[in-house]
Every structure is written in C-alpha cells, then in structure tokens.
Amino acid sequence: MEITLLSSQSLRVKGKTGTLVVNPLSGKKIACDAALFFNRADEHAGASLEGNKIIIDGAGDYEIGGVKITGIRQGDTNSYDMVVDGIDVFVSQASAINKIKDTKEVEVAVIDADGLVSQNVIAALNANVLLFYGDKAEENIKALGKEEGNAIAKYVITRDKLPNESQIFLLE
C-alpha cells in the first residue's frame, strides 16, 4: 500500500486492487477508483476525476476495487476506515476524530491536522503508524513528544512490514 500527499489537503491511497483519493482538488486530473470527501462532494465540484468514478461523501459501507471502506459521519465532517491490502487504515481530519465516540484500533492512521488531536484519541487508535499532514501537523507531532516527525512525501508499507512500535511521520 502506498499513501502519497498530492497537495496540502489531498492524498492518494493506492493498493494492489484499488486507488482512492481523499479530497481531490480542482485543476489536476486524477486517476482513481473512488474519491472520498471529508465534506460534501458538491463543495469540491471542480475536482477532475478521470472516467466514471465513485464519489463517497458520507456514512456507509462500501467496497471499491477490493478495498472495504466504512464512512463515519461526525457533524458535518466524514472520517473513513478502510482495509487496503489487508492493512486497516483510518483517514480523518483532527477536528472530526476528536468527536468520534467509539474509536477502534487501527494499523495506520492518516490525519489531516486542521487542529490538535486529543492524546486520548491517539492512545485509543493505538496505530502502528501515524501520518500527519496539514496546517497543524508539526504541532500534533510535538504534542506527542517528538521534536519533529520524519518528513516524507510518500509512505509505502506491506502488511508483513508493519512496525511493532508506533512510528510518526510528517507527510509533506
């Protein structure tokens, strides 16, 4: 599985059988099987998705190209739990993740740091890998006791290579 930051607010999650783009922005053509939006998709009507793509902008269970996705709605924001190449991945904005009542453990958490994430939520996720991006990414990493996260543009992992101890990265 590969997670790549496409812009300051958009990322791609690519598995062996499917490619998802979270919050695709307008102006660039993007090849994917589905587009996931934290907010309503009509707010991002200018996104250029190649071909007939599935748009997901709310709660529900989906399966696209072998990738299982669960959308979780909190107020006016969505978070997504997905299984990509056998790896449990959670993608959310910090402002939404703090509102989720029943946080489950995941292997990889990708957080758009539009605010600070509660330490209790981070502990409940118990993620092997935390990937932060967005305006307050560095603040979140420092709040976890690290001076700075390892800055990367792309994160690549397979199920058998998941770290035993939690690792924190800054996607930029």
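Residues numbered from 1 in each chain as written. Predicted model: local features only at pLDDT ≥ 70, side-chain atom pairs only at ≥ 80, totals over all residues. Heavy atoms only, no water.

A. The sheet that holds strand β12 (residues 108–112), seen in detail. With mixed pairing, 8 strands are arranged side by side in an open sheet as β8-β9-β10-β11-β12-β13-β16-β14. Single-partner strands in this sheet number two, and they are β8 (60–64) and β14 (150–152). Within this sheet the neighbouring strands show an average axis-to-axis angle of 25°, counted without direction. Pairing analysis gives 5 bridges linking strand β11 (residues 87–93) to β12, with the strands arranged parallel. Each bridged residue has a counterpart across the sheet, and for Ser92 the counterpart in β12 is Ile111. (Pairing = 2+ DSSP bridges. Helix = DSSP H or I, 4+ residues; strand = E, 2+ residues; numbered from the N terminus. Axes fitted to C-alpha atoms, helices over the stretch in contact; angles between N-to-C directions.)

B. Local environment of the nonpolar core. Counting residues in hydrophobic clusters, the biggest one holds 31 residues, and the most contacted among them are Met82, Val108, Val110 and Leu131. Counting residues in each nonpolar core, the second largest holds 19 residues, with Ile100, Ile111, Ile122 and Ala137 among its members. (Core = buried A, V, L, I, M, F, W, Y, C linked by side-chain atoms within 4.5 Å. Buried < 20%, exposed > 50% of the residue type's maximum accessible area, 1.4 Å probe, protein only.)

C. Summary view of the sheet that holds strand β3 (residues 19–22). Spatially, 6 strands are ordered β7-β5-β3-β2-β1-β15 in an open sheet, and the strand pairing comes out mixed. The sheet terminates laterally at β7 (54–56) and β15 (154–156), the two strands that pair on one side only. Taking the axes of each pair of neighbouring strands and ignoring which way they run, one obtains an average angle of 15° across the sheet. Of the pairings in the sheet, the one linking strand β1 (residues 2–5) to strand β2 (residues 11–14) comprises 4 bridges and is antiparallel in character. Counted as the bridge partner of Ile3 is Val13 from β2.

D. A look at the side chain of Ser10. Positionally, Ser10 belongs in the loop between β1 and β2. Within polar-contact distance, the side chain of Ser10 engages the backbone oxygen of Val22 at 3.3 Å. If near-sequence neighbours (up to four positions away) are discounted, Ser10 is found in contact with Thr4, Leu5, Val21, Val22, Asn23, Pro24 and Leu25. (Polar contact = N/O pair within 3.5 Å; in protein donor to acceptor, adjacent residues only side chain to side chain. Contact = heavy atoms within 4.5 Å.)

E. Region of the structure containing unusual backbone geometry. The backbone phi angle of Asn23 is positive, close to 55°, even though this residue is not glycine. Of note, Asn23 is situated in the loop between β3 and β4 (29–30). Asn23 sits in the buried class, given a relative accessible area of 6%. At Asn126, a position not held by glycine, the phi torsion is positive, near 50°. Mapped onto the elements of the fold, Asn126 is located in the loop between α2 (119–125) and β13 (129–133).

F. Representation of the packing of aromatic side chains. Applying the stated criterion to the full structure yields 1 aromatic pair. An angle of 45° between the planes, with centres 5.2 Å apart, marks the rings of Tyr155 and Phe169 as tilted. Of this pair, Tyr155 sits in strand β15 while Phe169 sits in strand β16 (residues 167–171); the two residues are 14 residues apart in sequence, bridging distant segments of the chain. For Phe169, a relative accessible area of 11% corresponds to the buried category. (Phe/Tyr/Trp six-rings, centres within 6.5 Å; stacked < 30°, edge-to-face > 60°.)

G. Spotlight on the layout of surface pockets. As a volume, the largest pocket reaches approximately 170 Å³. In this structure, the largest pocket is lined by 11 residues; those nearest its centre are Gln9, Gln93, Asp112, Asp114 and Asp135. Residues belonging to the lining of the largest pocket are distributed by class as follows: 1 nonpolar, 7 polar and 3 charged. (1 Å grid on protein atoms, 1.4 Å probe; cavity = no way out; pocket = protein on both sides within 12 Å on 5 of 7 lines; lining within 4 Å. Points joined across faces, edges and corners; volume = space filled by probe spheres on them. Nonpolar A, V, L, I, M, F, W, Y, C, P; charged D, E, K, R; others polar.)

H. Inspection of the pattern of salt bridges at higher detail. Applying the stated criterion across every chain, the model contains 3 salt bridges. Between Lys104 and Asp81 there is a salt bridge, with its nearest N and O atoms 3.0 Å apart. Here Lys104 is found in the loop between α1 (94–97) and β12, whereas its partner Asp81 is found in strand β10 (residues 77–84), with 23 residues between them in sequence. Across the pair Asp88 and Lys104 runs a salt bridge whose closest N-O atoms are separated by 2.9 Å. Of this pair, Asp88 sits in strand β11 while Lys104 is found in the loop between α1 and β12, placing the two residues 16 residues apart along the sequence. (Salt bridge = Lys/Arg side-chain N within 4 Å of Asp/Glu carboxyl O.)

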